[in-house]
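Take a look at the letters that make up each chain.
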2 protein chains.
Amino acid sequence: MTIRIGIMGYGNLGRGVENAIRQNPDTTLAAIFTRRDPASLTPLTPGVPVCRASEAERDAWREKIDVMILCGGSATDLPEQTPKLASLYHVVDSFDTHARIPQHFAAVESAAKAGGKVAVISVGWDPGLFSLARLLGQSVLPQGADYTFWGRGVSQGHSDAIRRVPGVADARQYTVPIPEALDAVRAGEAPQLTTRQKHRRECFVVPQEGADLERIRQEIVSMPNYFSDYDTTVHFITAEELRRDHSGIPHGGFVIRSGKTGRDGEHSHIMELSLKLDSNPEFTSSVLVACARAALRCAGEGQSGCKTILDLPPAFLSPLSGEELRKNLL
Amino acid sequence: MTIRIGIMGYGNLGRGVENAIRQNPDTTLAAIFTRRDPASLTPLTPGVPVCRASEAERDAWREKIDVMILCGGSATDLPEQTPKLASLYHVVDSFDTHARIPQHFAAVESAAKAGGKVAVISVGWDPGLFSLARLLGQSVLPQGADYTFWGRGVSQGHSDAIRRVPGVADARQYTVPIPEALDAVRAGEAPQLTTRQKHRRECFVVPQEGADLERIRQEIVSMPNYFSDYDTTVHFITAEELRRDHSGIPHGGFVIRSGKTGRDGEHSHIMELSLKLDSNPEFTSSVLVACARAALRCAGEGQSGCKTILDLPPAFLSPLSGEELRKNLL
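Cut-offs applied
Residues numbered from 1 in each chain as written. Chains lettered and ligands numbered in written order. Predicted model: local features only at pLDDT ≥ 70, side-chain atom pairs only at ≥ 80, totals over all residues. Heavy atoms only, no water. Helix = DSSP H or I, 4+ residues; strand = E, 2+ residues; numbered from the N terminus. Rg over C-alpha atoms; globule rule 2.2 N^0.38 Å. Buried < 20%, exposed > 50% of the residue type's maximum accessible area, 1.4 Å probe, protein only. Areas by Shrake-Rupley, 256 points an atom, 1.4 Å probe, with all protein chains shown as cover. Lys, Arg positive; Asp, Glu negative; His and termini not counted. Charge placed at Lys NZ, Arg CZ, Asp CG, Glu CD. Contact = heavy atoms within 4.5 Å. Buried area = accessible area lost by both parts, 1.4 Å probe. Salt bridge = Lys/Arg side-chain N within 4 Å of Asp/Glu carboxyl O. Polar contact = N/O pair within 3.5 Å; in protein donor to acceptor, adjacent residues only side chain to side chain. Axes fitted to C-alpha atoms, helices over the stretch in contact; angles between N-to-C directions. Parallel < 35°, antiparallel > 145°, perpendicular 65-115°, else oblique. Left-handed = near helix turned anticlockwise from the far one by under 90°. Nonpolar A, V, L, I, M, F, W, Y, C, P; charged D, E, K, R; others polar. Pairing = 2+ DSSP bridges. Core = buried A, V, L, I, M, F, W, Y, C linked by side-chain atoms within 4.5 Å. Expected span 1.5 Å × (residues − 1). Arc of directions from axis to C-beta. Phe/Tyr/Trp six-rings, centres within 6.5 Å; stacked < 30°, edge-to-face > 60°. Disulfide = S-S within 2.5 Å.

Another point: the overall build of chain A. Each helix and strand counted, chain A has 12 helices and 14 strands in total. The C-alpha atoms of chain A give a radius of gyration of 22 Å, which matches the 20 Å a tight globule of 330 residues would have. Counting all 330 residues of chain A, 58% fall into the buried class. Surface accessibility of chain A: about 13,500 Å² in total, with carbon and sulfur atoms responsible for 47%. Charged side chains in chain A number 36 positive and 39 negative. The centres of these two groups are separated by 3 Å.

Structure representation (structure tokens):
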């Protein structure tokens, strides 16, 4: 059976889901829903229906779609969309505001339970695969310390914060893990690291004509929450250089568990998951599609309600049967 | 509720499980079962009962033990013990003969189903966490290539093979991944690698007095299956040097998925799980104990039958509640 997927929201993430569907022969794209004018979209997939977002609530679509993947933003889209659609469809989202996950979970849980549907939230790599790595590390090595490093990669939030500084025309910010900190963790030293010791921030800024560069630099490096706790470098470049050298959206990072075992903790162990991603949204989209498969498998077992990647039997992410997995992968 | 664990077999793995139980406050050691004379064992845990293996089948023990962890070897112990005990207890084993896993699964599945018990087989790091990493890699990046490298670490099988060469008193073999191969994979080059290009083998051999060293070296490096497909180095050392420098049982390795996404596969992604383990058996034991917890959680949901780590919701490995996991780990 082919899994018929609907995409809600056609930005970077929605286009990534469309591409990921093309890589997974057991999935097919049923429809794209958008809040923009449907006629303004040109999907990659020939002949795919493009509809207004409000149409997703119609019964006609509910019969044609097995899983709806929600590709909106975590700030305002998903807190509203996921609970609303989770009573109508099995859904998957990439809600990534860590502090608000419990609240989002509660809202989605009651909607999904009410509709007898499965909702998988906060899917991607962090939250997502990195959460899974943290869980495995803590469960297998209860005596130890956790480290998550991000980057080298583009932080949209920090780039946006720079763009709000007066005199800035455009900007791109890279989060960069500090190699000495990574090395110390990997050597099993279990160091206590400050924010400044773990990451530095590198900013590429296109100033408006005639702007005071030194004032811009000062405003950036002293910005609370975003930059003041970090060593921050600011490079001023042209719009052309930004387009040429910084148009990609790479990211990645490292989750490391450093733990001890033995009679007196005499043996050290290091578990590390690392990701190096050319395209953050495309990788996230790929995880979303695998989780759509898992949502349907959970539903097939009669389950309903809200889940995260920590609740999904990993085998459900794969198109292979249990028998094939045991024979070829185990 | 404390999870009462029984240990069947008190070698390196059994002692590792005993140590891991001491690190997990929600678990306790109920009894150790051994085929040796129980009086000959001196467990670390004060007052723990040590019993003959055959006693494990008595009802009195079945009431006192929640999960039995089977710490025997994959060659002859587990193929017999796991099916036998899986009808009496929830069990966890570390069966690691990859080619025979389907057969072992079938035998354990019918026993566990018959007894209404949950059995988790082939737990550890490979098979185990490495299998999970391969599954995640293939599921998230269906267009890509998989690589598993082992080491630097001690291979018991290869060490044993050397010890069978006439004139060898003792030996220790290290499997060593080749850095150039690892680098090429991590660079996203998705190279096709021969056996010889991925690993080399390093042997530390204690010869018997008067043995012909060159003949021993030739017999080792030309041994089919074990060494002939690899570049193998043989170092002759004294028994004292072997004891001093090679008494540990370190291991580890790398599972790397190199994949592409995008409209035309224009974006590369690298997912990598790496393990660096001071003690192979103690780490495996730590995974066994986490899976004992998961077995009991599955049983609590009314499940029965044989499972592998690919079937377990990761959250079941953790002593934390779903709420705590979402708040702190996700």
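Moving on, we get to the interface of chain B and chain A. Listed as interface residues are 68 residues of chain B and, on the opposing side, 68 residues of chain A. Buried surface at the junction of chain B and chain A, both sides included, amounts to about 5,700 Å², of which 62% is carbon and sulfur. Where chain B meets chain A, there are zero salt bridges. For the pair chain B and chain A, the number of links is 28 residue pairs in polar contact (both at pLDDT 80 or more). Only helix 1 (12-23), helix 4 (101-115), helix 5 (129-140), strand 12 (251-261), strand 13 (267-277), helix 11 (280-300) and helix 12 (322-328) of chain B provide two or more residues apiece to the side of chain B that touches chain A. At 11 residues, strand 13 of chain B tops the list of elements feeding residues into the side of chain B that touches chain A.

Residue and element names in this part refer to chain B. One way to put it is that helix 3 (residues 77-86) packs onto helix 4 with a least axis distance of 7 Å and a crossing angle of 20°. Our classification of the angle between helix 3 and helix 4 gives roughly parallel. In this structure, helix 3 meets helix 4 at a crossing whose hand is right-handed. Together, Leu78, Pro79, Thr82, Pro83 and Ala86 of helix 3 and His104, Ala107, Val108, Ala111 and Ala112 of helix 4 make up the contact between the two elements. Looking at side-chain class alone, the contact of helix 3 with helix 4 contains eight nonpolar, two polar and no charged residues.

The next point concerns the sheet that holds strand 13 of chain B. Reading across the sheet, the six strands line up as 7(A)-12(A)-13(A)-13(B)-12(B)-7(B) and stay open at both edges, with antiparallel pairing between neighbours. Two strands bound the open sheet, and with one partner strand each, they are strand 7 (144-150) of chain A together with strand 7 (144-150) of chain B. Sheet twist, expressed as the mean angle between neighbouring strand axes with direction ignored, is 5°. Where helix 7 (residues 179-186) of chain A meets the sheet, its contacts fall on strand 7, strand 12 (251-261) and strand 13 (267-277) of chain A together with strand 13 of chain B, and the angle it forms with strand 12 of chain A comes to roughly 30°.

A:Phe283 and B:Phe283 are the most contacted members of the largest nonpolar core, which totals 159 residues. Top contributing element to this core by residue count: helix 11 (residues 280-300) of chain A, with 12 residues. Among all residues touching A:Phe283, those that are not within four sequence positions of it are A:Trp125, A:Leu129, A:Leu275, A:Leu277, B:Val140, B:Leu141, B:His269 and B:Met271.

Another point: helix 4 of chain B. In a regular helix each residue adds 1.5 Å, so 15 residues correspond to 21 Å; helix 4 of chain B covers 21 Å between its end C-alpha atoms and thus fits that length. Where helix 4 of chain B is concerned, the buried positions are B:Ile101, B:His104, B:Phe105, B:Val108, B:Ala111 and B:Ala112. Along the axis of helix 4 of chain B, the buried residues cluster in a sector spanning 140°; they form a single face. Summarising the geometry of helix 4 of chain B, the exposed residues directed more than 90 degrees from the buried face are B:Gln103 and B:Ala114. Contacts made by the buried residues of helix 4 of chain B are with helix 12 (322-328) of chain A together with helix 3, strand 5 (90-93), strand 6 (118-120) and strand 14 (305-307) of chain B.

Before going further, it helps to examine helix 6 (residues 156-163) of chain A. All names here are of chain A. Listing the buried residues of helix 6 in full gives His158, Ser159, Ala161 and Ile162. Angularly, the buried residues of helix 6 cover 160° about the axis, an arc narrow enough to put them on a single face. The elements touched by buried residues of helix 6 are strand 8 (153-154), strand 9 (168-177), strand 10 (199-207) and helix 9 (213-221).

Under the criterion given, the structure shown has six aromatic pairs over all chains. Ring geometry for A:Trp125 against A:Phe130: centres 5.3 Å apart, planes inclined by 85°, an arrangement best described as edge-to-face. In this pair, the class of A:Trp125 matches that of A:Phe130, namely buried. A ring pair is formed by B:Phe33 and B:Trp61, whose centres lie 5.6 Å apart and whose planes are at 85°; its orientation type is edge-to-face. Note that B:Phe33 is positioned in strand 2 (residues 27-34) and B:Trp61 in helix 2 (residues 59-62), a separation of 28 residues in sequence.

Residue and element names in this part refer to chain A. Tallied over the full model, the rule gives 38 salt bridges over all chains. Arg243 is paired through a salt bridge with Glu240; the nearest N and O atoms lie 2.9 Å apart. Of this pair, Arg243 and Glu240 both sit in helix 10 (residues 239-245), three residues apart, roughly one helical turn. Here the salt bridges share partners, and the residues they tie into one network are Glu57, Glu80 and Lys84.

The next point concerns the side chain of B:Asp93. You can see B:Asp93 is positioned in strand 5. A:Arg326 is the oppositely charged side chain nearest to the buried, salt-bridge-free B:Asp93, at an N-O distance of 12 Å. At a separation of 3.0 Å, a polar atom in the side chain of B:Asp93 contacts the main-chain amide nitrogen of B:Phe95. At 2.9 Å, the side chain of B:Asp93 and the backbone nitrogen of B:Ser122 are in polar contact. If near-sequence neighbours (up to four positions away) are discounted, B:Asp93 is found in contact with B:Leu70, B:Leu78, B:Thr82, B:His104, B:Val120, B:Ile121, B:Ser122, B:Val123 and B:Leu288.

All right, on to the state of the cysteines then. Scanning all chains against the criterion turns up zero disulfides over all chains. The thiol sulfur of A:Cys298 is not disulfide-bonded, and the nearest other cysteine sulfur, from A:Cys291, lies at 9.6 Å. There is no disulfide at B:Cys51, and the cysteine sulfur nearest it, in B:Cys71, is 15 Å away.

Nothing here speaks to function; it is geometry throughout.
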